[in-house]
Amino acid sequence: MFGTNLLPVAVVARICYLCAVMSIQENRFQAIISHAKEYGFVFASSEIYDGLSAVYDYGPYGSELKKNIRDYWWKSMTQMHDNIVGIDAAIFMHPTTWKASGHVDNFSDPMIDNRDSKKRYRVDHLIEGHAEKLKDEGKNAEADALIETMNKLLAKEDYAGLKTLIGDNKIACSISGTVNWTDIRQFNLMFSTQIGSVTDEADTIYLRPETAQGIFVNFLNVQKTARMKVPFGIAQTGKAFRNEIVARQFIFRMREFEQMEMQFFIRPGTQKEWYGFWKEERLKWHLSLGIPAEKYRYHDHVKLAHYADAALDIEYEFPIGFKEVEGIHSRTDFDLASHQKYSGKKLQYFDNDINEETGKPYGNYVPYVIETSIGLDRMFLLVLSQAYTEETWIKEDGSPDGRTVLRIPAKIAPVKLAILPLTKKDGLPELARTLLDDCRAGFRCFYEEKDTIGKRYRRQDAIGTPFCVTIDGQTKEDNTVTIRYRDTMQQERVNISDIKNIITQAIN
Ligand code: GAP
């Protein structure tokens, strides 16, 4: 009986629709990755040796963009808040740091290996992948039940139960297609190395898996030297390292990446209020880049990390779906109290403000902490994903035309202004270079004489330069130039002496 196994037409139509949407998004993601490489934003690390999995290098425009995002964050945290100061702690830290922070014991993911393909999976990713497939087949209830069971088992750390769940659902390895699985084991994500010349156990140190601990161990140094009063924050940007097992999706999940973190030290009992404050404040920062609010959502954590009493992610809709870009965590006094215990040094603050309830100073306490933690590389991917636009149109003569443009906000664009003399002669390059000399100390400029003006505009569109200025014969007569706006492609004549001002205003 042929027909009895057929899916209803509506289900088939929905599957086809979902597949089409997924493949458009997947194509868009691939196009962004190719563009990032072709235009010098991101390269695979040590590419001549076929790359290193989940490690990437930033090229000429990528490193500028990354620096601009970092500076924008740093300025918004430190310069724009009276009560936040920055530090730059070392990547290597005393090994006890990671015992106290809980990373030695808790920073691990449950993993399972397929015996035939030898491929290792994060258990939650494997089961979630299967649930996605079920949803694509219209089996939503089955998928939801699977995820619910998985969450319960994960919360209980019931690895035998999780293995049974994988077996019962016949979840197969995507490479071998078999269900020949090992037992589930915990796999610590920290990279370790040796310090000094003697290689024994005592010399093992870790590459930091988060920048936050450099802030906690410096809490009193900073509070005293910068004379900070609670509530106050310490901000830091820097590299972090995690031996991610399922490292894929370009720079979304890397083994070496950069974080921008801020720990905000508060009075115990005020954490709810400050958590709410930073939740809103951080989303405002994202929106200040002109990214539409509907591209973001909050995701509250159900299963909390060992240090948190509340946590949420700010998620952005990447071409690969809504994914975490930033975490807001109410970390209680876990870290400071734990470092106090392991180091034997007091990490307390004396608060001489008067408590209205008791009429006495608040006195000594270990502050509570609200953390904001955003991945710089993930933010970079967010900016690229939001900016990448393919445009096509029909010209007046009826022929097709188009361009790929990065609509990067002017304040973080790698290059702000391209200065383009129309020809290489008639004194135009000299005029152009005078403008370049006038502007380059204030913002990043690019100078080019080669090729037609149309080709030069397209190249600037592709790297996201918001303004191009063309110097032509008329400039010599009346001191005017053509300024071309990247997003609208509109052009207008302005006085050459106004250019610096126009760009400065736009980027501030
Ligand atoms: N100190 C808290 C902490 O590290 P997390 O949620 O593990 O929290 C914070 O990481 C942010 O760091 C994430 O929201 C993400 O943007 C970024 N991040 C984490 N792991 C990453 C990885 N493997 N590759 C790129 N970015 C990562």
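This paragraph deals with the sheet that holds strand S3 (residues 84–86). Judged by pairing direction, the sheet is mixed, and its seven strands sit side by side in the order S3-S9-S10-S16-S13-S12-S11 without closing on themselves. Lying at the two open borders of the sheet, with one neighbouring strand each, are S3 and strand S11 (296–300). Direction aside, neighbouring strands of the sheet carry axes that sit 25 degrees apart on average. The pairing of S3 with strand S9 (residues 232–241) spans three bridges and is parallel. Considered in S9, the bridge of Gly86 is made with Ala235. Sitting on the sheet, helix H12 (residues 376–387) touches strand S10 (256–266), S11, strand S12 (310–318), strand S13 (321–332) and strand S16 (368–375), and the angle it makes with S12 is about 35 degrees.

What follows is about the domain arrangement of the protein chain. Each domain of the protein chain was delimited in the assignment, giving domain 1 (40–106 + 201–383), domain 2 (108–188) and domain 3 (415–507). The C-alpha-based centres of domain 2 and domain 3 are spaced at 56 Å.

This part covers helix H14 (residues 453–463). When we look at burial in H14, the residues that qualify are Arg456, Tyr457, Gln460, Asp461, Ala462 and Ile463. Positive backbone phi, approximately 85 degrees, marks Gly464, located one or two places after H14.

The next point concerns the pairing of S9. The buried fraction of S9 is high, at nine of ten residues. Judged from the ten bridges that link them, S9 and S10 form a sheet pairing that is antiparallel. Bridging across to S10, Ala235 finds its partner in Met262.

Cut-offs and rules
- Residues numbered from 1 in each chain as written.
- Predicted model: local features only at pLDDT ≥ 70, side-chain atom pairs only at ≥ 80, totals over all residues.
- Heavy atoms only, no water.
- Pairing = 2+ DSSP bridges.
- Helix = DSSP H or I, 4+ residues; strand = E, 2+ residues; numbered from the N terminus.
- Axes fitted to C-alpha atoms, helices over the stretch in contact; angles between N-to-C directions.
- Contact = heavy atoms within 4.5 Å.
- Domains from an automatic or database assignment.
- Buried < 20%, exposed > 50% of the residue type's maximum accessible area, 1.4 Å probe, protein only.

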